[in-house]
Amino acid sequence: MSKSTIKVALIGNPNVGKTSVFNQLTGLNQQVGNYPGITVEKKQGASKLSDNVKAKIIDLPGTYSLNASSIDENVVIELLLNKKDEDFPDVAVVVTEVENLKRNLLLFTQIKDLEIPTILVINMADRMSLKGIEFDLPILERELKTKIALVSSRKKTGISELKSLILNYESLSTEPCLNASVIDPDYFNNLRRAFPNQLLYKLWLVITQDVNFLNLERNEIKNSFTKSHSDLKRLQQKETIKRYQFINDTLKIGQKIDASKATDLRAKLDRVLTHKVFGYLIFFGILMLIFQSIFDWSKIPMDFIDETFTSLSAYTKNHLPAGEFTNLLSEGIIPGISGIVIFIPQIAFLFLFISILEESGYMSRVVFLMDKIMRRFGLSGKSIVPLISGTACAIPAIMSARNIENWKERLITILVTPFTTCSARLPVYAILISLIIPEERVFGFLSLQGLTLMLLYLIGFGMAVLSATLLNYFLKLNCKSYFVIEMPSYKVPMFKNVALNVIEKTKAFVTGAGKIILALSIILWFLGSHGPTNNFKNADAIVLQELELSQNIASIEPELIENKISSYKLEHSYIGILGKAIEPAIRPLGYDWKIGIAVVSSFAAREVFVGTLATIYNVGNHSDEEVTIKNRMAAEINPVTGEKIFNFASGISLLLFYAFAMQCMSTIAIVKKETNSWKWPLIQFVFMSGFAYLTALIAYQILK
Amino acid sequence: MNFQQILVYITLAIAIGFLVKKFLWKKKPKKSNSCGDDCACH
């Protein structure tokens, strides 16, 4: 890395607006990935500081202190203690907020004591007057031996001052806030004598933390300076007390709070939103509003996308030279891409609402509200975060269960989270609901389709809770349990944060799931357009011969003949043979072999379902007319009974199958990683898929 | 085999290659930080 790039680590407690500061500094220059070897999210971005200098900014996971209690927090410590790490910062920017500065400063003093140049950001400065808070910045800077940037990421103030401080980081003092020796003078003096070249506070962290230190002689240090677990805990408590004494003394002279100016709106809102009756009603009402909006607002852009791709497919077929590759484009690739793009509006609206709820501070109230209920089912209040995040994608949701300290609660959360309705299920639900549920309104304003969608989300959530109860009963793990959650202040969501989150999540769906859908669409088209037997190769002659025998061929429409040949070919193609082979197993569920192919292919990723059907129906239909995916599905007829394939019974059966089945290879992989065993993902797969088959079977047999 | 067919087979090979790489070709995992059935992990 050249000297013109400064490496900046953005560190802070959860809910201090760290990500907002990161967004203000980097804008759209962000990359999201994982830390090597582990699946903790790593966000980094670039910020231009001057004409010649830019900053590489790493947004580290939120942590309350350097005393790690979760894997996310280990990431912070491992980076700050390893100077050979490629991301080791030139300067640490510790983000705090005006209302909780005292608590936030604990982390600041610990990082300062590692003698890394450290800048203190006091965020949410726009709330100071509202809360009656004033700071004497020169005094605070003097006592904390640092430079302070008073920032309001909401009002976009203080960011240029922060950039200027980062630019001049070399002038920052690296003098520690607390002399580590005061924790236990004898012990620390011995430590200093044994390792004269090492930083004292760093040695202390190596001894007390259970993290991987690649470049420190951890065993040597630990063997020589072993203390009992209780002695170490006692010294850690003593350290915390010393730090708070220092922070109290500093704030006594550097901060003034006029309590009479503080408004009590937060307390009033909390009383209503966490009320034992109104709290749940409001939460339920909000959920209903979200699902109504997803269906109503997405309809216009979805219809537009569907029609555009259908026209594009017809245009390609009519204007490119006839041949196999043209067929692949018009019948495989374009419908495949359409099956991805069409669901962008719904996914974007879902994430828009989730982001607003998170940004406003309401989500923490939901966690608090749900704790009492969750505990009855063997879950923690913190489990609601993975369960709600699971509406986006089970993979990050399962990873977010890492902040549940109790292993049993964490394991149960990991195992039941895939029941919540993820964004990959949304396309399947959306198309099936639009096929089998009429576009009617209940009480004149509630869309029946929206209500059905909400019901499916509730079924997924209910199944997660029910499975948790069973697991809680059968799992014999005794772990202590406690629940602590911070209630952030209520805030008007920032447009930029919400927009970036929506873009990031939608992009992840399009690029992640989209590539898989497209690749499978190509393979499925090939399998549907080629066959191994003479029946496939001589399809034209066989169909014409059959028609000649049955009726006067001259009286039959040429288009009908063409469609009969296409259907015959599809039936004798590779995919047709495979579909027919599995038909006996899926027939009792109300599915034909074409749906069977879509169900089987979506065991890799469930969002493939719609794209697969779009490809199969395109291969089987050689008409030049522009027909949308939905209309093609609606027109499918059972050749034996003459009934619609996608009727109410088969539709409900399919909806229930997709609600419960474990159809995501990536989720299986992440469960294996998080539980460090194949046992749990295998149990999960067998249970979920078996249950899905059973419910789909019962539903179809009752409703048919 | 004509030009369009060659293009189809190339596209098919890319699609299969992508899926194999995505689902079957796993990099050797680094040391795991998972805790297994250990309540006292943290």
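Residues numbered from 1 in each chain as written. Chains lettered and ligands numbered in written order. Predicted model: local features only at pLDDT ≥ 70, side-chain atom pairs only at ≥ 80, totals over all residues. Heavy atoms only, no water.

A. Structural context of the overall build of chain B. Assigned secondary structure in chain B consists of one helix and zero strands. Buried residues in chain B amount to 26% of all 42 residues. Of the roughly 3,300 Å² of accessible surface on chain B, a fraction of 65% belongs to carbon and sulfur atoms. (Helix = DSSP H or I, 4+ residues; strand = E, 2+ residues; numbered from the N terminus. Buried < 20%, exposed > 50% of the residue type's maximum accessible area, 1.4 Å probe, protein only. Areas by Shrake-Rupley, 256 points an atom, 1.4 Å probe, with all protein chains shown as cover.)

B. Focus on the packing of helix H1 (residues 18-26) of chain A against helix H6 (residues 159-167) of chain A. All names here are of chain A. In the contact formed by H1 and H6, the axes pass within 11 Å of each other and the chain directions differ by 80 degrees. When the axis of H1 is compared with that of H6, the two are roughly perpendicular. Along its contact with H1, which presents Val21, Gln24 and Leu25, the element H6 presents Ile159, Leu162 and Lys163. Per-class residue counts for the contact of H1 with H6 are four nonpolar, one polar and one charged. (Axes fitted to C-alpha atoms, helices over the stretch in contact; angles between N-to-C directions. Parallel < 35°, antiparallel > 145°, perpendicular 65-115°, else oblique. Contact = heavy atoms within 4.5 Å. Nonpolar A, V, L, I, M, F, W, Y, C, P; charged D, E, K, R; others polar.)

C. Representation of the UniProt feature "transmembrane region" (unreviewed entry) in chain A. Residue and element names in this part refer to chain A. Summarizing the sequence annotation, UniProt attributes the feature "transmembrane region" (unreviewed entry) to residues 277-295, 333-357, 377-399, 411-438, 450-475, 508-527, 645-670 and 682-703 in the numbering used throughout. Segment residues 333-357 splits into 92% helix and 0% strand. End C-alpha atoms: 37 Å apart. Secondary structure across residues 450-475 divides into 96% helix and 0% strand, with the first and last C-alpha atoms of the span separated by 37 Å. (UniProt positions renumbered as here; feature names shortened; annotations may be inferred.)

D. Quick look at the nonpolar core. All names here are of chain A. Of all hydrophobic cores here, the largest spans 121 residues; its most connected members are Tyr591, Phe609, Phe646, Leu654 and Phe657. Counting residues per element, this core draws most heavily on helix H21 (residues 495-529), at twelve residues. Taken domain by domain, the makeup of this core includes at least three residues from each of domain 2 (278-474) and domain 3 (507-703). Non-local contacts of tyrosine 591, meaning those with residues more than four positions away in its chain, are made with Ile586, Val599, Ser650, Ser653, Leu654, Phe657 and Ala696. In terms of nonpolar packing, the next biggest core, distinct from the first, is built from 52 residues, Phe195, Leu203, Leu232 and Phe246 among them. (Core = buried A, V, L, I, M, F, W, Y, C linked by side-chain atoms within 4.5 Å. Domains from an automatic or database assignment.)

E. Spotlight on the pattern of salt bridges. Residue and element names in this part refer to chain A. On inspection of all chains with the given rule, the structure shows twelve salt bridges over all chains. The shortest N-O distance in the salt bridge between arginine 142 and glutamate 143 comes to 2.9 Å. Here glutamate 143 falls in the partly exposed class, since its relative accessible area comes to 23%. Two residues, lysine 317 and glutamate 331, come together in a salt bridge whose shortest N-O distance is 2.9 Å. Taken together, the positions of lysine 317 in helix H12 (residues 278-319) and glutamate 331 in helix H13 (residues 324-341) put the pair 14 residues apart, joining distant regions of the chain. (Salt bridge = Lys/Arg side-chain N within 4 Å of Asp/Glu carboxyl O.)

F. Just the confidence of the model for chain B, in detail. Residues and elements named next belong to chain B. Looking at chain B as a whole, the pLDDT averages 69, with 57% of positions reaching at least 70. Below a pLDDT of 50 lies the segment residues 29-42, which in the model reaches 30 contacts outside its immediate sequence neighbourhood of four places, other chains included. Among the prediction metrics, the complex's ipTM stands at 0.75, with pTM recorded as 0.63. (pLDDT = per-residue confidence, 0-100.)

G. Representation of helix H24 (residues 558-571) of chain A within the structure. The end-to-end C-alpha separation of H24 of chain A is 20 Å, in line with the 20 Å expected for 14 residues at 1.5 Å each. Buried within H24 of chain A we find Ile561, Ile565, Ser566, Tyr568 and Leu570 of chain A. (Expected span 1.5 Å × (residues − 1).)

H. How the structure looks around the UniProt feature "transmembrane region" (unreviewed entry) in chain B. UniProt tags residues 6-24 of chain B as "transmembrane region" (unreviewed entry). When the span residues 6-24 of chain B is considered, its composition is 100% helix and 0% strand, and the gap between its end C-alpha atoms is 26 Å.

I. Here's a closer look at unusual backbone geometry. Residues and elements named next belong to chain A. Although it is not a glycine, glutamate 115 adopts a positive phi angle of roughly 60 degrees. Along the chain, glutamate 115 falls in the loop between helix H3 (101-112) and strand E6 (118-123). What makes glutamate 115 partly exposed here is its relative accessible area of 37%. The phi dihedral of methionine 124 falls on the positive side, at around 65 degrees, and the residue is not glycine. By the secondary structure assignment, methionine 124 is in the loop between E6 and helix H4 (128-131). We classify methionine 124 as buried; its relative accessible area is 7%.

J. Region of interest: the environment of valine 492 of chain A. Within the secondary structure, valine 492 of chain A sits in the loop between helix H20 (448-474) and H21. With 132 residues separating them along the chain, valine 492 of chain A and serine 360 of chain A place their C-alpha atoms 5.6 Å apart.

K. Structural detail: the environment of aspartate 59 of chain A. Residues and elements named next belong to chain A. Along the chain, the position of aspartate 59 falls in strand E4 (residues 54-59). Note: C-alpha distance between aspartate 59 and leucine 10 (49 residues apart in sequence) is 4.9 Å. Among the polar contacts listed, one links the side chain of aspartate 59 to the side chain of lysine 18, at a separation of 2.6 Å. (Polar contact = N/O pair within 3.5 Å; in protein donor to acceptor, adjacent residues only side chain to side chain.)

L. Structural view of the packing of aromatic side chains. Residue and element names in this part refer to chain A. This model, assessed by the stated rule, comprises 13 aromatic pairs over all chains. Taken together, a centroid distance of 6.2 Å and an interplanar angle of 75 degrees make the contact between phenylalanine 419 and phenylalanine 660 edge-to-face. Placement of the pair is phenylalanine 419 in the loop between helix H18 (407-416) and helix H19 (425-436) and phenylalanine 660 in helix H29 (residues 648-660), with a sequence separation of 241 residues. Both residues of the pair, phenylalanine 419 and phenylalanine 660, belong to the buried class. (Phe/Tyr/Trp six-rings, centres within 6.5 Å; stacked < 30°, edge-to-face > 60°.)

M. Main features of a negative patch on the surface. Negative charge collects at one region of the surface, where Asp540, Glu557, Glu559 and Glu562 of chain A lie side by side. Looking at where glutamate 557 of chain A falls in the secondary structure, it is placed in the loop between helix H23 (539-550) and H24. (Patch = residues over 30% accessible without salt bridge, like charges linked within 9 Å, V, L, I, M, F, W, Y side chains within 5 Å. Lys, Arg positive; Asp, Glu negative; His and termini not counted. Charge placed at Lys NZ, Arg CZ, Asp CG, Glu CD.)

N. Structural context of a nonpolar patch on the surface. All names here are of chain A. A surface patch of nonpolar side chains, amounting to about 490 Å² of accessible area, comprises Phe648, Leu694, Ile698, Ile702 and Leu703. No other element matches helix H31 (residues 679-703), which puts four residues into the nonpolar patch. On the secondary structure map, isoleucine 702 appears in helix H31.

O. Layout of the side chain of serine 467 of chain A. Residues and elements named next belong to chain A. Its location among the elements puts serine 467 in helix H20. The class of serine 467 is buried, set by a relative accessible area of 4%. Engagement of the side chain of serine 467 in a polar contact is seen with the backbone oxygen of methionine 463, the distance being 2.7 Å. Look past the residues within four positions of serine 467 in its chain and what remains in contact with it is Val416, Phe419 and Phe687.

P. Region of the structure containing the side chain of threonine 63 of chain A. All names here are of chain A. Within the secondary structure, threonine 63 is located in the loop between E4 and helix H2 (71-81). In this structure threonine 63 comes out as buried when scored by relative accessible area, which is 0%. Leaving out residues up to four positions away in the same chain, threonine 63 has contacts with Ile11, Gly12, Asn13, Pro14, Glu73, Val76 and Leu107.

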